[in-house]
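Examining the three-dimensional arrangement
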Amino acid sequence: MSGGPLPDDAPEAGYDYDMIVIGGGSGGLAVSKEASALGKKVAVFDFVKPSPAGTTWGLGGTCVNVGCIPKKLMHQAGLHGGNIEDAKSFGWNVGATTHSWETMVSNVQDHIGSLNWGYKVQLRDKAVTYKNEFAKFVDAHTIETEDKRGRKKTYTSRRFVIACGGRPTYDADIDPSLYITSDDLFSLEKPPGKTLVVGASYVALECAGFISHLGMEAHVMMRSIPLRGFDQQMSNMIVDYMEGKAADADGNIVSIGDSEGGEHRPTTQFIKGAVVDTVVGTADGKKTVTWKSSDGGQVMGTDTYDTILYAIGRQACTGALALDTVGVATERNGKMKTTCEQTNVPHIYAIGDVIYGQLELTPVAIQAGRLLARRLFGGSTMQMDYDQVPTTVFTPIEYGCTGLSEEDAIEKFGEENLEVFHSYYQPLEWTVPHKQDNACYMKMICNKLDSFRVVGFHVLGPNAGEITQGVGVAVKCGATKEDFDNTVGIHPTVGEEITTLEVTKSSGVEATKSGC
Ligand code: FAD
Ligand code: NA7
């Protein structure tokens, strides 16, 4: 179809498609498959511009290629190192072990390749047109696209869904050839070696965690607090664990591994209250970093690294969409404010990481996409609920949570109206290898004014994600503390702790444990 902009109420048959989706990641694939299943003519455009280091990848977006999937697999690779150590205590005669980064990357990338292929097959089976072309708007109902050979085309659609996600933020003051981001890490051909991770959130701590657990030195440069937005007690406990510290029986933070017979596990060094000042490449390909205090002040230190990994947040990829030509408003970070996933332009919708003020998580993008398609084309009225979304940070000690952080709960309900039940605990499987007694912790935040309804749940320990997924359902259903107490535990599991929490923070009674 050609011609100028079509009126918004033009018959759907007048356009090339009923719906064009820009971005074939978690959200874009979900919304396009659902809309097609509901009988609509749908096209999805997905194109990956190479990172400054030249990395590119296939269909499926961030999660599959440079996010959740390779991250979780490499986290698992790191945990296996610890499992091999633990196995000795269980009687296994384990010889000298080494880790091959190259083997891990090759196998992880093979799996990703199979997922990329699987998505193409799914789109074909579900009659969604897939174009490996980069899209931008030229008018309200038309996009112009460009493929990798520079060939341009235009397509029209009745509706659009912007699902173009985000890419890592780069430090404008540092030469990008001197560092990498999460876009590059998971496909690095050689091990990163001694690594400085800049940033102290989700991506930074997860990557530093598995790098150190794979046997390389990892330092984290944290300019303020860890895991901004997450419960700070839990976040600081993660840092303590990564630094090789944990609470003793009296609740004091001590270094582990120092005591005789104590645990020896890989640690990560934190450079706190600091930001990068300069990075200089050395003749042998290393990078010398100088850092200064984050209040902008004096130079604090310098060190030389094999790799610098920046994980200082992500920018929405909306800058290249020419959204101003169609009047879609964006915030300073490039994200869009939406109402029920609708932008300020009625026939243009947004889902996933590009929505302003919402969680950047794969299942959130998928759920929002599916529900949007069902509302648009299936007569559904079901809205996406962005509250009480469970999530997990895959640091060496995993952290799962759902509902409010303690800080947010206090702000919302008032400290006097909350009761926090908490406990340190030791997974049974940690006892034989004598792993730290009080590194694992759980707390349940309850609203006293509402039958002790659980408004926040937080757990630090092995398999935290698996536990939190189940608890997430209960919390979403409005479970009270009594509901958890009345549920019979599964023994001996870590999860049974949710049924036995007794000590309240307000009582001041020690919640630490020493052994089983
Ligand atoms: P994306 O998946 O980013 O997809 C957007 C797609 O659009 C991309 O393929 C992009 O190349 C393409 N595109 C962009 N612009 C255009 C254009 N103009 N034309 C055509 N195509 C375009 N979430 C979790 O739930 N659990 C985790 O454990 C987790 N771990 C993560 C680890 C890392 C290191 C990172 C970076 C993220 C992680 N996330 C995790 C977040 C998760 O990956 C994102 O929330 C999710 O991928 C967002 O999906 P999306 O559909 O919004 O965008
Ligand atoms: P986040 O969650 O946006 O966090 C960014 C982190 O980087 C945070 O610790 C920031 O510190 C820090 N930061 C930001 N700018 C700088 C500079 N210039 N120097 C040093 N440190 C800086 O980003 P992530 O990449 O971890 O995660 C983004 C999403 O991807 C996340 O929601 C996951 O779902 C996947 P601050 O706290 O602001 O001081």
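The next subject is the pattern of salt bridges. Two side chains with opposite charge may pair up if their charged atoms get near one another. On inspection of all chains with the given rule, the structure shows 23 salt bridges. Close ionic contact of Lys 443 with Glu 406 constitutes a salt bridge, the shortest N to O distance being 2.5 Å. Taken together, the positions of Lys 443 in strand S22 (residues 440–447) and Glu 406 in helix H9 (residues 406–413) put the pair 37 residues apart, joining distant regions of the chain. The pair Lys 443 / Glu 406 is uniform in exposure class, with both members buried. Shared partners join several salt bridges into a network, and the residues in it are Asp 231, Glu 406, Lys 443 and Lys 505.

Of the strand pairs in this sheet, strand S14 (residues 287–293) and strand S15 (residues 299–305) are connected by six bridges, and their pairing is antiparallel. Opposite Lys 292, over in S15, you have Val 299 as the bridge partner. Connecting S14 to the next strand, S15, in antiparallel fashion are five residues, including Gly 296 with a positive phi near 85°.

Here the focus is the packing of helix H1 (residues 26–37) against helix H4 (residues 101–125). Two numbers describe how H1 lies on H4: the axes approach to 10 Å, and their chain directions differ by 25°. When the interaxial angle is binned, H1 and H4 end up roughly parallel. Along this stretch, H1 crosses H4, giving a crossing that reads as left-handed. Residues Leu 29, Ser 32 and Lys 33 of H1 form the contact with H4, whose own contacting residues are Tyr 119, Gln 122 and Leu 123. Classifying every residue of the contact of H1 with H4 by side-chain character gives three nonpolar, two polar and one charged.

Looking now at the packing of aromatic side chains. What describes a pair of aromatic rings is the distance from one ring centre to the other and the angle between the planes of the rings. Scanning the model with the defined rule gives 10 aromatic pairs in all. Measuring from ring centre to ring centre gives 6.2 Å for Phe 186 and Phe 210, while their planes differ by 35°; the resulting arrangement is tilted. Separated by 24 residues along the polypeptide, Phe 186 in the loop between helix H5 (182–185) and strand S8 (195–198) and Phe 210 in helix H6 (residues 202–213) bring together distant segments of the chain. Aromatic pair Tyr 202 and Phe 230: ring centres 6.2 Å apart, planes at 55°, arrangement tilted. Taken as a pair, Tyr 202 in helix H6 and Phe 230 in the loop between strand S9 (218–222) and helix H7 (232–243) lie far apart in primary sequence, 28 residues in all. Of the aromatic side chains, those joined through ring pairs into one cluster are Tyr 170, Tyr 179 and Tyr 310. The ring of Phe 134 carries Lys 49 above its face, with NZ or CZ at 4.1 Å from the centroid.

With respect to spatial proximity, 14 residues lie near ligand 2, and among them Ser 201, Arg 223, Ser 224, Arg 228 and Glu 360 are the closest. Here Arg 228 contributes a side-chain N or O atom positioned 2.7 Å from an oxygen atom of ligand 2. Considered class by class, the residues forming the shell around ligand 2 number six nonpolar, four polar and four charged.

Topologically, Leu 371 is positioned in helix H8 (residues 362–377). Judged by its relative accessible area of 9%, Leu 371 falls in the buried class. Put simply, Leu 371 and Glu 411 are 40 residues apart on the chain and 31 Å apart in space, counted from C-alpha to C-alpha.

An α-helix turns once per 3.6 residues; consequently, residues spaced three or four apart project the same way. In a regular helix each residue adds 1.5 Å, so 16 residues correspond to 22 Å; H8 covers 23 Å between its end C-alpha atoms and thus fits that length. Along H8, the positions that sit buried rather than exposed are Thr 362, Val 364, Ala 365, Ala 368, Gly 369, Leu 371, Leu 372, Ala 373, Arg 375 and Phe 377. Elements in contact with the buried residues of H8: strand S1 (17–22), H1, helix H2 (61–66), helix H3 (68–89), strand S6 (152–162) and strand S18 (348–350). Looking at the residues trailing H8, positive phi occurs at Gly 379, about 75°.

Time to look at the packing of H3 against H6. Across the interface, H3 lies against H6 with an axial gap of 8 Å and an inter-helix angle of 35°. Where H3 crosses over H6, the two elements pack in a sense that is left-handed. Contact with H3, carried on its side by Lys 71, Met 74, His 75 and Gly 78, involves Tyr 202, Glu 206, Phe 210 and His 213 of H6 and no other residues of that element.

A few words on the sheet that holds strand S19 (residues 391–393). As summarised here, the arrangement of the five strands in space is S19-S20-S23-S22-S21, forming an open sheet in which the pairing is antiparallel. Each end of this open sheet is capped by a strand with a single partner; those strands are S19 and strand S21 (418–425). Strand-to-strand twist in this sheet, taken as the mean axis angle between neighbours without regard to direction, amounts to 15°. In terms of strand pairing, S19 meets strand S20 (residues 399–403) through three bridges, oriented antiparallel. Bridged to Thr 391 within S20 is Cys 401.

About the thresholds
- The numbers attached to residues start from 1 for each chain and follow its sequence in the written order.
- Numbering of ligands from 1 and lettering of chains from A proceed in the order in which they are written.
- Residue-level local features of this predicted model are given only where pLDDT is at least 70; pairs of side-chain atoms are given and counted only at 80 or more, and the full residue set underlies all totals for whole chains, interfaces and linings.
- Neither water nor hydrogens contribute to the side-chain values; these are computed over all heavy atoms in the structure.
- Any carboxyl oxygen of Asp or Glu within 4 Å of a side-chain nitrogen of Lys or Arg constitutes a salt bridge here.
- Runs of H or I in DSSP of at least four residues are treated as helices and runs of E of at least two as strands, each being numbered from the N terminus.
- Think of it in three bands: with a 1.4 Å probe and only protein chains considered, a residue is buried below 20% of the maximum accessible area for its type, exposed above 50%, and partly exposed in between.
- Pairing between two strands is assigned when DSSP locates at least 2 bridges connecting them.
- Angles run from 0 to 180 degrees between N-to-C directions of axes, and those axes are lines fitted to C-alpha atoms, restricted for helices to the stretch in contact.
- These descriptions rest on fixed angle ranges, namely under 35 degrees for roughly parallel, over 145 for roughly antiparallel, 65 to 115 for roughly perpendicular, and the rest for oblique.
- We call a crossing left-handed when the near helix sits turned anticlockwise from the far one by less than a right angle, and right-handed when that turn is clockwise.
- Note on contacts: a residue pair qualifies if any of its non-hydrogen atoms lie within 4.5 Å across the two residues.
- Residue type decides the class: Asp, Glu, Lys and Arg count as charged, Ala, Val, Leu, Ile, Met, Phe, Trp, Tyr, Cys and Pro as nonpolar, and the leftover types, Gly among them, as polar.
- Two aromatic rings, drawn from Phe, Tyr or Trp (for Trp, its six-membered ring), form a pair once their centres lie within 6.5 Å of each other, and the interplanar angle then sorts them: stacked below 30 degrees, edge-to-face above 60, tilted otherwise.
- Charge-over-ring placement is defined geometrically: NZ (Lys) or CZ (Arg) within 6 Å of the ring centre, and within 35 degrees of the ring normal.
- In this text, near means that some heavy atom of the residue lies within 4 Å of the molecule or strand in question.
- Counted as a polar contact is a pair of N or O atoms within 3.5 Å, where, for protein atoms, one must be capable of donating a hydrogen and the other of accepting one, and residues adjacent in sequence contribute only when both atoms are in side chains.
- Each residue after the first adds 1.5 Å to the expected span of a helix.

Take it as geometry only, folks, not as evidence of what the structure does.
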